[in-house]
Amino acid sequence: MANVVIIGAQWGDEGKGKVVDIYTAEADGVVRFQGGNNAGHTLVVGNEKTVLHLIPSGILHKGKRCVIGNGVVLDPKVFLVEIEGLKAKGYLQDDSQLMVDGAVHLIMPYHVAIDKAREGRSTDRKIGTTGRGIGPTYEDKVGRRGIRFADLLKPEAFRKRLKEVLPEKNFYLEKYLGQPPLNEDEIFNEYQGYAEKLRCYLGNASVELDAAIRAGKNLLFEGAQGSMLDIDHGTYPYVTSSSTVSAGACTGSGVGPTRIDQVIGITKAYVTRVGEGPFPTELLDEMGEQLRTTGAEFGATTGRPRRCGWLDIVALREAVRVNGLTGLALTKLDVLNDLETIRVCTAYRYGDQLLTNFPSDLDVLQQCTPVLEDVPGWQTTINEVTSFEELPQQAIDYVKRIEAWSGVPVVLVSVGPRRDETMLRSNPFA
Ligand code: GDP
Ligand code: IMO
Ligand code: MG
């Protein structure tokens, strides 16, 4: 048995959903532990595409328990739409497949209104958020004025919490952000409507996961966003508001760190980023456009075009260290099929210094330029290849160089969006 954490090793959208869907075959349960519906995780099975924002990416596997841990922030309206969408497609026919921890914080209408209004202002502090209310919800969690999933299910407690917090939110919305105030009764009625539909999902993640581990079951923890968007270790302030690194799997689910066996980081064969913030290997030329078009790099949540650039080994090594990665899953290798030469950043130039560690100072990072090495491309289609040894030699060499640069074995190679366009080199549950 093993417990495996999956995290994004870049700025999100690395293909975590696809990898979690594949690894679920080996797992008994899948756990989301942070973030909310800022995430968009895409699964492609046959010709059917499913995009999940909140529900763990194991949900397409009948009978596999899907848990939303305490570290997640949940918008009940979005959650219900996702549940109904899955049911309509024939998944989640048994409600007991899904569970939400009572300590999950609720995204409230004022969180979304505040997020959107802040982003709409013409200041230089725009983050380029997804506008889903994520930051304001985590602010209230840390500020001890949040409303949790268990509160939603107790009308009196919910009313009391709302009454306490709403005047302050309305003051800020009206007086500072110039937005209309929100009505207490309307919010109460809307959310109590959700409560009845969601009551059946209430559970205790820590207790349940502990019992599963004691019973020798395999658990899979599904990170959202990516390591470089982590609130502590990312490119602050251009980050999301949660702990996206592997350690977040423990605080966000109530499972102790001694229970985690493997940590797999997902990395694209190049890099993308959505939203504002530094991106040292970004390509603002035709090459960037080619990666965006070939890789269909448009956000699964907001539809925004993703910024594209060469693989950044300095950033990848940072992800290896802060997450304690034991393996890498390399995705979108097929997107490089046409290239004669692939470029990889192996260090940063900062003034007359050569940096091999990712700078924590944003001012330094913003002045860094990438030192690029050329790697020969394979210039042939690899999407049909099913075993690693059958890849063109140049593709094998590219993977092996990534292993050498990062110091971590590549355990999975993905050559297309579909579940079956994947090569498993070793099994993290073994
Ligand atoms: P996530 O947020 O990390 O789950 O990733 P997203 O779903 O936001 O973005 C990844 C996108 O790449 C999705 O559209 C996937 O269907 C697609 N994808 C995943 N792996 C591959 C791959 O190996 N090749 C190609 N061409 N597309 C892939
Ligand atoms: P998945 O799980 C890529 C980015 C936003 C913005 C910053 C803060 O699909 O990989 P937020 O709404 O979280 O306050 O926005 O983080 N961001 C993501 N970028 N993939 C994601 O999720 C993201 N979730 C948030 O674009 O730059
Ligand atoms: Mg995504």
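K.L.:
Looking at this structure, I do not really get the overall build of the protein chain. What am I missing?
P.N.:
A tally of helices and strands in the protein chain yields 13 helices and 20 strands. Taken over the C-alpha trace, the protein chain has a radius of gyration of 22 Å; the compact-globule value for 430 residues is 22 Å, and the two agree within 12%. With respect to the three principal axes, the spread of C-alpha positions in the protein chain is 65 × 50 × 40 Å. Taken over 430 residues, the protein chain has a buried fraction of 58%. Considering only residue pairs separated by 6 or more positions, the protein chain has 76% of its internal contacts joining residues 24 or more positions apart. Accessible surface for the protein chain amounts to roughly 17600 Å². Of this, 49% is attributable to carbon and sulfur atoms. Each charge class in the protein chain was averaged separately, 48 positive and 56 negative side chains, and the resulting centres sit 5 Å apart.

K.L.:
Any chance you could explain the state of the cysteines here in plain terms?
P.N.:
One covalent bond between the sulfur atoms of two cysteine residues makes up a disulfide. This model, assessed by the stated rule, comprises zero disulfides. As a non-bridged cysteine, cysteine 66 has cysteine 200 as the owner of its nearest cysteine sulfur, 14 Å distant. On the basis of relative accessible area, cysteine 66 is assigned to the buried category, the value being 0%. Cysteine cysteine 250 remains unbridged, with the sulfur of cysteine 66 as its closest cysteine sulfur at 19 Å.

K.L.:
Looking at this structure, how should I read the sheet that holds strand E1 (residues 3–8)?
P.N.:
Across a sheet, paired strands are connected by hydrogen bonds in the backbone, their directions being either parallel or antiparallel. Read across the sheet, 10 strands follow the order E9-E7-E5-E2-E10-E1-E11-E15-E19-E20 without closing on themselves; strand pairing throughout is mixed. The open sheet has two edge strands, strand E9 (202–203) and strand E20 (422–424), and neither has a second partner. Where strand E15 (residues 327–331) meets strand E19 (residues 410–414), three bridges bridge the pair, whose relative direction is parallel. Paired with alanine 329 across the two strands is leucine 412, which belongs to E19.

K.L.:
Would you mind going over the site of ligand 1 with me for this structure?
P.N.:
Taken together, 20 residues form the shell around ligand 1, and within it Gly15, Lys16, Thr42, Asp334 and Ser414 come nearest. The side chain of aspartate 13 places a nitrogen or oxygen atom 2.9 Å from an oxygen atom of ligand 1. Glycine 17 places a polar main-chain atom, nitrogen or oxygen, 2.8 Å from an oxygen atom of ligand 1. When ligand 1 is considered free in solution it has 580 Å² of accessible area, and contact with the protein chains removes 92% of it. Only helix H1 (16–23) and strand E3 (41–45) provide two or more residues apiece to the shell around ligand 1. Among the residues forming the shell around ligand 1, the class breakdown is five nonpolar, eight polar and seven charged.

K.L.:
Please clarify how the coordination of the magnesium ion (ligand 3) should be interpreted in this entry.
P.N.:
Under perfect tetrahedral coordination by four donors, a metal shows angles of 109.5 degrees; under perfect octahedral coordination by six donors, it shows angles of 90 or 180 degrees. Around the magnesium ion (ligand 3), the donor atoms from the protein are Asp13 (OD) and Gly40 (O), and they sit 2.1 to 2.2 Å away. Here glycine 40 lies in the loop between strand E2 (29–32) and E3 and aspartate 13 lies in the loop between E1 and H1, a separation of 27 residues in the sequence. Taking relative accessible area as the criterion, aspartate 13 reaches 23% and is therefore assigned partly exposed.

K.L.:
Teacher, can you tell me more about the pairing of E3 here?
P.N.:
Here is the key point about a regular strand: its side chains alternate between the two faces of the sheet. Across five bridges, E3 lies against strand E4 (residues 48–52) in antiparallel orientation. Considered in E4, the bridge of valine 45 is made with glutamate 48. Hairpin connection between E3 and E4: a loop of two residues separates the two successive antiparallel strands, and glycine 46 in this loop has a positive phi of roughly 60°.

Thresholds, definitions, all that
Residues numbered from 1 in each chain as written. Chains lettered and ligands numbered in written order. Predicted model: local features only at pLDDT ≥ 70, side-chain atom pairs only at ≥ 80, totals over all residues. Heavy atoms only, no water. Helix = DSSP H or I, 4+ residues; strand = E, 2+ residues; numbered from the N terminus. Rg over C-alpha atoms; globule rule 2.2 N^0.38 Å. Buried < 20%, exposed > 50% of the residue type's maximum accessible area, 1.4 Å probe, protein only. Contact = heavy atoms within 4.5 Å. Areas by Shrake-Rupley, 256 points an atom, 1.4 Å probe, with all protein chains shown as cover. Lys, Arg positive; Asp, Glu negative; His and termini not counted. Charge placed at Lys NZ, Arg CZ, Asp CG, Glu CD. Disulfide = S-S within 2.5 Å. Pairing = 2+ DSSP bridges. Near = heavy atom within 4 Å. Polar contact = N/O pair within 3.5 Å; in protein donor to acceptor, adjacent residues only side chain to side chain. Nonpolar A, V, L, I, M, F, W, Y, C, P; charged D, E, K, R; others polar. Donors = N, O, S within 2.8 Å, 3.2 Å for Na, K, Ca; no water.

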